[in-house]
Amino acid sequence: MQPQSPVLWPLTASINAHDQLSIGGCDVVTLSREFGTPLYVFDEHTCHRTAAQFSSALQHSYPGASAVHYAGKALLNTALAQLVTRWGLGLDCVSLGELAIARQAGVPLEHVHLHGNAKPRRELEQALDWGVGRIMVDSLDELRLLAELTRDRATPQSILLRVNPGVDVHTHAHIQTGQLDSKFGLPIATGMALEAVKIALDSPGLELVGLHAHLGSQIMELEPLALGVERLLAFAAELRERFGWQLRELSPGGGLGVPYRAGDPEPEIATYAQTLASAVVAGCERRQMPLPKLVIEPGRSLIARSIVALYEVLSIKQIPDVRTFVAVDGGMGDNIRPALYEARYTVARADQMTAAPTERVTVVGRYCESGDVLLRDVDLPPLSPGALLAIPMAGAYTLSMASTYNLVPRPPLVLVRDGEAHVLQRRETFTDLTLRDLPAPPPAPDNQR
Ligand SMILES: Cc1ncc(COP(=O)(O)O)c(C=O)c1O
C-alpha cells in the first residue's frame with residue numbers, strides 16, 4: 001500500500017504490514033532505531049529515476065547537444081557527487097568547498113561549472129588550477145579579475161556570462177533571481193552585460209562560450225522560463241551582429257518547482273524540457289542561429305523527492321483553545337526552510353501510517369527560537385513522546401543549509417536500496433563540534449588589566 005499523496009513520497013515508499021513507512025525496502029522505524037533521529041533517508045532509486053528523466057526528456061525534445069548539471073547547492077556530499085556523475089550528469093558548484101568535494105569524489109572537473117555571485121580571488125585561482133570546466137561569471141569585477149588571472153595561461157578558460165534577463169517569476173522573494181533588482185547576474189537592460197561581453201572578448205585568457213541565466217527556484221509556471229530563453233537569444237543575436245560572436249552554449253539555469261503538499265502543482269519534467277527546447281529551437285530558427293548546447297541545472301527537482309526526514313516526538317504541549325505544540329528532536333538546524341521562507345511541508349506519523357488524523361497541531365523544533373516551527377497547523381493522529389514523524393520532499397536545501405546552532409550535531413544521511421541501508425554521511429559528533437576550538441589563552445598578567 002502506498003502512502004497518501006504518493007507524488008510527495010519516494011517512488012519506493014510503501015506502508016508495510018505493521019502500518020509503518022518503508023522506503024527502499026527498509027522500514028523507517030528500524031532505521032530510526034539503528035541510526036537515531038533526526039535521520040535523513042535517501043531513496044537512491046527515486047533520485048536515479050529523476051536524473052534519467054531529466055536526461056532523456058532533454059535528449060528527446062532538443063535536437064542539439066544538451067547536458068544536465070545537478071546544482072549541488074541543493075545537497076552535496078561525496079557520495080552524491082559520485083552518484084550523479086555515475087548517472088551521466090555534470091555538476092554545478094558555487095564554492096571551493098563544493099568543488100573540493102567534487103574533486104575528492106573523483107568527479108572529472110571538466111564536467112563541473114563554477115557559479116556564485118561573489119567568488120573570492122583565492123577560490124578562482126584554485127578553480128583555474130584544478131581545471132574547472134566552465135566559470136559562470138557574475139559581475140564586471142569578477143570578469144576583470146579573471147581576465148587578470150588568466151592573462152598568461154596557455155589555454156584560455158571557458159566562461160559563460162550569467163546575465164540578468166529581467167524576468168520575474170512567481171515564487172518567494174528570497175528565491176527570485178531573474179528580476180532586474182537582484183544581486184545575481186549582469187543585467188542586459190542596463191548595458192552591463194554588453195560591457196562584460198566587450199571585456200571578455202578583449203581578454204586573451206578567456207573564451208566566452210555562452211550565456212547563462214537563472215530566474216529563481218521553485219518555479220511552477222513555465223512561461224517565464226521560455227521568456228528568459230528568448231531574452232538570452234535576442235541578446236546573443238545582438239552580439240553576433242556587433243562582434244560576429246557565436247553562441248555555443250546556453251543555460252537557462254535550474255529552478256523547476258516541486259509539490260510539497262497535497263494539491264500543489266506538479267510540474268512535469270517532460271513539459272519543462274519541451275518548453276525550454278521549443279523556445280531555443282524557435283528563437284534560433286527565427287534568427288538563423290545554429291543551435292547552442294543546452295545545459296539545464298536542476299537542483300531541487302532532482303533531489304527533493306528522494307529524501308524523507310524522520311524525527312522523534314519529544315514533548316506535546318496543549319494550550320486549550322490556542323494551539324497544540326508537538327516538539328521534535330530536530331528543526332531549523334537541519335531544515336531552515338520553514339523559518340527562512342515560510343516553506344510548508346507535509347507530515348505523517350511514520351509508525352502508524354494509516355491512523356486517522358484527530359488533531360490539528362503545530363510541529364516545532366528543539367532550537368531556541370520561536371521561529372523554529374517545522375509545520376504549522378497540520379492534522380495528525382494521536383501522538384505521544386516517542387512517536388516517529390516523517391516529512392517527505394525533504395531533500396533540497398535542508399541538509400545543505402544545516403547548521404550547528406545550539407551546538408546540536410547535524411543528522412546523518414542514509415541511502416536505502418533493496419532493503420539495505422548505507423550511511424552516506426554519519427551523524428556529527430561532539431568531537432566534530434569542537435575540532436576547530438583551541439583553549440582560551442592564559443590569564444593576562446594583573447598589571448595589564
Ligand atoms: C545558477 C543556479 N543554477 C541552478 C540552481 C538550482 O535551482 P533549483 O534548485 O531551484 O533547481 C540555482 C539555485 O539557486 C542557481 O542559482
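Residues numbered from 1 in each chain as written. Predicted model: local features only at pLDDT ≥ 70, side-chain atom pairs only at ≥ 80, totals over all residues. Heavy atoms only, no water.

### Structural notes on the nonpolar core
- Leu21, Tyr70, Ile159, Leu161, Ile303 and Val363 are the most contacted members of the largest nonpolar core, which has 137 residues in total.
- Split by domain, this core shows at least three residues from each of two domains, domain 1 (6–43 + 307–434) and domain 2 (115–298).
- Once residues within four sequence positions are removed from consideration, Ile159 is found in contact with Ile135, Val137, Leu143, Leu146, Ala200, Leu206, Glu207, Leu208, Val209 and Gly210. (Core = buried A, V, L, I, M, F, W, Y, C linked by side-chain atoms within 4.5 Å. Buried < 20%, exposed > 50% of the residue type's maximum accessible area, 1.4 Å probe, protein only. Domains from an automatic or database assignment. Contact = heavy atoms within 4.5 Å.)

### A short note on helix H3 (residues 78–86)
- Turning to H3, its buried residues number three or more, namely Ala79, Leu80, Ala81, Leu83 and Val84.
- Following H3 by one or two positions, Gly88 has its phi on the positive side, about 90 degrees. (Helix = DSSP H or I, 4+ residues; strand = E, 2+ residues; numbered from the N terminus.)

### Considerations on the sheet that holds strand S2 (residues 21–23)
- Pairing is antiparallel across the open sheet formed by 3 strands, whose spatial order is S1-S2-S3. The open sheet terminates on both sides in strands that have one partner only, identified here as strand S1 (14–15) and strand S3 (26–27).
- The pairing of S1 with S2 spans 2 bridges and is antiparallel. Of the residues in S2, the one forming a bridge with Ile15 is Leu21. (Pairing = 2+ DSSP bridges.)

### Regarding the site of the ligand
- Taken together, 14 residues surround the ligand, and among them Lys73, Ser217, Glu297, Arg300 and Tyr397 come closest.
- Between the ligand and Lys73 there is a distance of 2.7 Å, counted from an oxygen atom to a side-chain nitrogen or oxygen.
- Within the side chain of His214, one N or O atom sits 3.5 Å away from an oxygen atom of the ligand.
- For the ligand, whose accessible area on its own is 390 Å², the fraction buried by protein is 93%.
- When atom positions are compared with the pocket grids, the ligand is found to occupy the largest pocket.
- Partitioning the shell around the ligand into residue classes produces 3 nonpolar, 7 polar and 4 charged. (Near = heavy atom within 4 Å. Polar contact = N/O pair within 3.5 Å; in protein donor to acceptor, adjacent residues only side chain to side chain. Areas by Shrake-Rupley, 256 points an atom, 1.4 Å probe, with all protein chains shown as cover. 1 Å grid on protein atoms, 1.4 Å probe; cavity = no way out; pocket = protein on both sides within 12 Å on 5 of 7 lines; lining within 4 Å. Sits in = over half its atoms within 2 Å of the grid points. Nonpolar A, V, L, I, M, F, W, Y, C, P; charged D, E, K, R; others polar.)

### Digging into the pairing of strand S8 (residues 134–137)
- Covered by surrounding structure in S8 are Arg134 and Met136 together with Ile135 and Val137, the residues of both alternating faces.
- Bridge analysis of strand S7 (residues 112–114) against S8 gives 2 bridges, and the strand direction is parallel. If you follow His113 over to S8, its bridge partner there is Arg134.
- The β-α-β motif built from S7, the intervening helix H5 (residues 121–130) and the parallel element S8 has right-handed crossover chirality.
- Sheet topology places S8 next to strand S9 (residues 157–164); 3 bridges connect them, and they run parallel. Bridging from a neighbouring strand, Ile135 pairs with Ile159 of S9.
- For the crossover from S8 across helix H6 (residues 140–150) to S9, the handedness is right-handed. (Right-handed = clockwise from strand over helix to strand, strands pointing away.)

### Here we look at the domain arrangement of the protein
- The domain boundaries assigned to the protein delineate domain 1 (6–43 + 307–434) and domain 2 (115–298).
- Centre-to-centre, using C-alpha coordinates, domain 1 lies 36 Å away from domain 2.
- Contact residues are listed per partner, giving 11 residues for domain 1 and 10 residues for domain 2.
- Here domain 1 and domain 2 share an interface that buries about 980 Å² over both sides, 59% of which is from carbon and sulfur atoms.
- Three residues, Tyr341, Arg344 and Met393, lead the burial of domain 1 against domain 2; their summed loss comes to 46% of the area buried on that side.
- Remark: the boundary between domain 1 and domain 2 carries 0 salt bridges. (Buried area = accessible area lost by both parts, 1.4 Å probe. Salt bridge = Lys/Arg side-chain N within 4 Å of Asp/Glu carboxyl O.)

### A word on the packing of aromatic side chains
- Taken as a whole and assessed by the stated rule, the structure comprises 3 aromatic pairs.
- Where Phe54 meets Tyr272, the ring centres are 6.1 Å apart and the plane angle is 90 degrees; that geometry is what we call edge-to-face. A residue pair is termed long-range when its members are at least 10 positions apart, and Phe54 in helix H2 (residues 44–61) and Tyr272 in helix H9 (residues 269–287) qualify at 218 residues.
- For Phe54, a relative accessible area of 1% corresponds to the buried category.
- For the ring pair Tyr260 and Tyr345, a centre distance of 5.2 Å and an interplane angle of 80 degrees mean the geometry is edge-to-face. Note that Tyr260 is positioned in the loop between strand S12 (249–251) and H9 and Tyr345 in the loop between helix H11 (337–341) and strand S16 (348–349), a separation of 85 residues in sequence. Tyr345 matches Tyr260 in its accessibility class, with the two residues each being buried. (Phe/Tyr/Trp six-rings, centres within 6.5 Å; stacked < 30°, edge-to-face > 60°.)

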